[in-house]
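In case you want the letters, here they are:
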Amino acid sequence: MQVMACLVLAARATALPRSALLSAAHGVGTRAALPLRALAPLRAFPPQICRLSTVAMAAETTATRDDIRNIAIVAHVDHGKTTLVDAMLTSAQAIQGTINKDDRMMDSNDQERERGITILAKNAAIKYKDIKVNIVDTPGHADFGGEVERVLNMVDGVLLLVDAAEGPKPQTRFVLKKALAMGHRVLVVVNKIDKPAARPEYVIDKTFDLFVELGATDEQTDFPIVYTSAINRVAGDEPDDIKDNMGPLLDKILELPKPQCDVDGPLQLQISNIGSDNFIGRLGIGRIKSGKVAKGLPVGICAGPGQPVRTVKISELFCFDALGRRPIDEARAGEIVVFSGIQDFNIGDTLVDPNNPQPLEPISVEKPTMSIAIGVNKSPFAGKSGKLLTSRNIKDRLAKELQTNVALQVKETSDSDTIQVFGRGLLHLTVLIETMRREGFEVMIGCPQVLEQTINGQRHEPFELVDVELPEEYSGSVIDMLGMRKGQMLEMGSVSPEGIVSLQYEVPSRAMAGVKSRLMSATRGLAVMTTTFAGYRPYAGDFDKREKGNLLSTEKGTVTSHGLMKAQDRGSLFSAPGDEVYENQIVGIHQRPGDLKVNICRQKQLTNMRSAGKDDNTNVTPAVELTLEDAVEYIEEGEFVEVTPAAIRMGKPGK
């Protein structure tokens with residue numbers, strides 16, 4: 001009703017027939033035929049109507065490039081984005097040789113390969129039927145969602161990847177909402193069609209429902225579909241008509257919108273991402289909206305409309321070619337380029353014509369939701385395995401990270417040896433710390449803190465949207481666990497024929513620490529949990545984070561089997577025979593509330609009597625292995641995690 005009322009008012013303001021405005025609103029007819037002067041008053045109307053003037057003006061003042069397509073691949077984590085890019089590179093013969101099915105060439109980072117997720121947005125390019133296709137592979141995890149928001153500004157079409165068995169997931173919703181709001185046309189790719197449990201019709205129905213729920217236009221809901229098995233390098237237009245190559249997918253990509261650009265207009269290149277090169281320094285990545293850019297020529301750089309313009313010079317210019325970069329002398333509007341030679345710039349800045357500067361509106365960079373203290377390692381074992389130990393080393397490394405990791409923030413503290421680091425979530429922060437650990441740093445980590453906000457005078461905190469799929473028999477314990485952590489149930493699905501039930505909760509971010517490990521224990525490893533940042537909600541109240549205490553080492557020394565055998569009756573242990581421990585190190589979880597000191601370095605008294613029992617080694621329960629994320633989630637206020645290249649330990653400061 002609101003849209004129709006706006007159309008009536010718009011018709012009066014512009015003296016245009018309502019039918020013409022309505023057709024243009026739904027993408028029907030020739031938008032360019034609407035007079036520009038008549039459309040000017042529409043800027044005061046809601047987005048549905050304002051869109052008419054913007055699109056119509058663009059239609060009259062810009063052209064399209066037939067030789068380029070700019071696309072982003074977005075999906076939920078582990079639905080096969082990176083594997084799909086590998087398949088496209090292979091099919092288009094963009095690289096020499098073959099890519100093995102498990103290579104995931106776009107996941108070049110060690111942690112990306114180990115975790116099986118994409119952390120950083122990356123670019124590639126292929127040539128198919130003499131048309132260049134710029135591809136952006138984006139992260140699927142919510143902590144790196146800021147990467148997705150920015151790269152969508154560089155593209156004209158989106159490949160939405162959904163699993164043929166699972167269908168749309170929380171991160172699918174997050175990314176799709178961003179793409180639809182920008183007006184992008186979406187090509188739905190149903191991947192993993194070779195799964196025995198594939199149900200393509202169900203997945204398409206769910207995807208359509210999601211489009212409607214997110215307010216997609218009629219044009220957007222009429223999305224094209226391709227069915228693929230990226231790992232097998234095959235695709236088809238129907239689930240039962242799969243070809244032996246990726247041709248059907250590549251053909252559908254060429255049908256996505258062509259880049260609209262004004263080659264003869266003043267230069268507009270908005271920086272959407274930042275990279276670095278050990279030889280040529282800081283790199284800017286962005287799409288040329290208008291005009292041309294050339295190597296060695298002066299350009300202006302501006303933070304936004306009304307901001308001062310600085311004159312700078314681009315020393316090197318590149319375009320993307322397969323998995324790498326190729327140097328070029330000039331690029332025209334519509335192309336995605338990489339440039340160097342400008343050191344002082346930020347995400348959202350615009351390169352402009354110094355004689356006719358027309359900067360674009362800046363891109364909003366996502367705000368942090370969590371912070372963590374990183375300090376100098378002061379444990380008794382400090383300096384034993386690392387080579388970068390001082391606060392100056394840590395500050396220099398974080399300053400370098402800030403150049404490319406724009407979602408990160410760093411602040412000094414009253415303690416000169418400690419720095420407060422702010423990020424989008426625990427995974428965002430621990431990926432950085434793990435990278436530093438592998439580089440030879442030794443650091444001490446404090447308990448993570450969520451960042452609260454005051455909205456309308458009321459205390460608010462960040463919440464997570466938690467989706468859990470698990471066998472019905474374990475649902476009671478999970479519901480109880482999330483309820484105790486101030487979680488609110490939003491939806492509980494019906495039981496599937498396989499006995500699986502889905503739960504959806506909103507849970508305070510501070511309550512999510514340790515939930516994953518407890519969930520796996522409660523469901524015997526059969527649950528699948530995904531989380532997405534849900535926004536800020538009123539403060540949910542206090543709750544007990546940990547029900548059990550710690551087992552603390554009484555002395556510094558080497559762990560023995562005899563000591564472990566005596567201590568394991570008190571709880572679960574993190575240490576194994578031969579490990580080095582120090583006083584007040586957390587070596588296990590006490591089976592009762594409150595901390596308990598244990599001597600796991602105890603030596604067995606030697607006598608001349610032969611023991612009739614078994615050796616101590618045979619009675620020792622294997623230690624619980626902790627990852628960095630596990631350790632950071634486990635600790636509470638007043639505890640720390642010691643991170644070194646050789647070990648990850650937890651402890652309490654000595655009194």
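Look up: the structure comes first, before these words.
What counts as what
- Residues numbered from 1 in each chain as written.
- Predicted model: local features only at pLDDT ≥ 70, side-chain atom pairs only at ≥ 80, totals over all residues.
- Heavy atoms only, no water.
- Helix = DSSP H or I, 4+ residues; strand = E, 2+ residues; numbered from the N terminus.
- Buried < 20%, exposed > 50% of the residue type's maximum accessible area, 1.4 Å probe, protein only.
- Contact = heavy atoms within 4.5 Å.
- Areas by Shrake-Rupley, 256 points an atom, 1.4 Å probe, with all protein chains shown as cover.
- Expected span 1.5 Å × (residues − 1).
- Arc of directions from axis to C-beta.
- Core = buried A, V, L, I, M, F, W, Y, C linked by side-chain atoms within 4.5 Å.
- Domains from an automatic or database assignment.
- Axes fitted to C-alpha atoms, helices over the stretch in contact; angles between N-to-C directions.
- Parallel < 35°, antiparallel > 145°, perpendicular 65-115°, else oblique.
- Nonpolar A, V, L, I, M, F, W, Y, C, P; charged D, E, K, R; others polar.
- Pairing = 2+ DSSP bridges.
- Left-handed = near helix turned anticlockwise from the far one by under 90°.
- Polar contact = N/O pair within 3.5 Å; in protein donor to acceptor, adjacent residues only side chain to side chain.

Draft legend 1. Broad picture of the overall build of the chain. Along the chain, the regular secondary structure elements total 17 helices and 38 strands. Taken across its 655 residues, the chain has 52% of its residues classed as buried. Considering only intrachain contacts with a sequence separation of at least 6, the fraction spanning at least 24 residues in the chain is 70%. Of the roughly 30,600 Å² of accessible surface on the chain, a fraction of 48% belongs to carbon and sulfur atoms.

Draft legend 2. Geometry of helix α9 (residues 200-213). Taking 1.5 Å of rise per residue, 14 residues should cover 20 Å, and α9 covers 20 Å from first to last C-alpha, within 8% of that figure. Every buried residue of α9 is listed here: P200, V203, I204, T207, L210 and F211. The buried residues of α9 occupy an angular sector of 120° when projected down its axis, which confines them to one face. Facing away from the buried surface of α9 by more than 90 degrees, the exposed residues are E201 and E213. Just downstream of α9, G215 is the residue with a positive phi angle, here 80°.

Draft legend 3. Summary view of the nonpolar core. By size, the foremost hydrophobic cluster in this structure holds 35 residues, and its most contacted members are L160, L176, L180, V186, V188, V190 and F211. When residues of this core are assigned to domains, at least three map to each of domain 1 (63-257) and domain 2 (261-352).

Draft legend 4. Here's a closer look at unusual backbone geometry. Positive phi is not limited to glycine here, since K129 has a value of about 55°. Its relative accessible area of 55% is what places K129 among the exposed residues. For K486, which is not a glycine, the phi torsion comes out positive at approximately 65°. Within the secondary structure, K486 sits in the loop between α14 (475-484) and β28 (488-492).

Draft legend 5. Representation of the packing of helix α5 (residues 81-91) against helix α11 (residues 247-254). Look at α5 against α11: their axes get within 10 Å of each other, and the N-to-C directions meet at 95°. Judged on the interaxial angle alone, α11 and α5 are roughly perpendicular. Residue-level contacts link L84, M88 and S91 of α5 to L249, L250 and I253 of α11. For the contact of α5 with α11, the per-class residue count stands at five nonpolar, one polar and no charged.

Draft legend 6. Examining the environment of N550 more closely. Here N550 is to be found in strand β31 (residues 550-553). Residues N550 and I589 lie 39 residues apart in sequence; the distance between their C-alpha atoms is 4.7 Å. In this structure, N550 is in contact with I586, G588, H590, G594, D595, L596, Y634, E639 and K652, ignoring residues within four places of it in sequence.

Draft legend 7. Structural detail: the sheet that holds strand β15 (residues 309-313). Taking strand neighbours across the sheet as the criterion, the eight strands line up as β15-β14-β20-β11-β12-β19-β16-β17 in an open arrangement whose pairing is antiparallel. Each of the sheet's edge strands pairs with one partner strand only, and the pair in question is β15 and β17 (324-327). Within this sheet the neighbouring strands show an average axis-to-axis angle of 40°, counted without direction. Bridge count between strand β11 (residues 268-277) and strand β12 (residues 281-290): nine bridges; the pairing is antiparallel. Bridging from a neighbouring strand, D277 pairs with G281 of β12.

Draft legend 8. View of the packing of helix α12 (residues 391-402) against helix α13 (residues 426-438). Where α12 meets α13, the closest approach of the two axes is 12 Å, and the angle between their N-to-C directions is 125°. In terms of their interaxial angle, α12 and α13 are classed as oblique. Helix-helix and strand crossings are classified by hand; for α12 and α13 the assignment is right-handed. On the side of α12, the interface is formed by I394, R397, L398 and E401, while α13 contributes L432, T435 and M436.

Draft legend 9. Seen up close, the pairing of strand β37 (residues 640-643). On β37, burial covers both faces: F640 and E642 on one face and V641 and V643 on the other are all buried. Inspection of the sheet shows strand β24 (residues 443-445) paired to β37 by three bridges, in the antiparallel sense. Looking across to β37, one finds that V443 is bridged to V643. Here β37 pairs with strand β38 (residues 648-651) via four bridges, running antiparallel. Among the inter-strand pairings, F640 is bridged to a residue of β38, identified as G651. Linkage of β37 to β38, two consecutive antiparallel strands, is achieved through a turn of four residues.

Draft legend 10. Fine view of the side chain of T644. Along the chain, T644 turns up in the loop between β37 and β38. Judged by relative accessible area, T644 falls into the buried class, the value being 2%. A polar atom in the side chain of T644 sits 3.4 Å from the side chain of S385. Among the polar contacts made by the side chain of T644, one reaches the main-chain carbonyl oxygen of A647 at a distance of 3.0 Å. In this view, T644 contacts N377, S385, R437, F441, E442 and R649; residues no more than four positions away in its chain are not counted.

Draft legend 11. Main features of α12. In a regular helix each residue adds 1.5 Å, so twelve residues correspond to 16 Å; α12 covers 16 Å between its end C-alpha atoms and thus fits that length. Within the span of α12, buried status applies to I394, K395, R397, L398 and E401. The buried residues of α12 occupy an angular sector of 165° when the element is viewed end-on, so they sit on one face. Of the exposed residues in α12, those oriented more than 90 degrees away from the buried face are R392 and K400. The elements touched by buried residues of α12 are β21 (370-376), β22 (409-412), β23 (418-423), α13 and β24.

Draft legend 12. Seen up close, the environment of S496. Locating S496 in the fold gives a position in the loop between β28 and β29 (500-508). Along the sequence, S496 and E472 sit 24 residues apart, while their C-alpha atoms lie 9.3 Å from each other.

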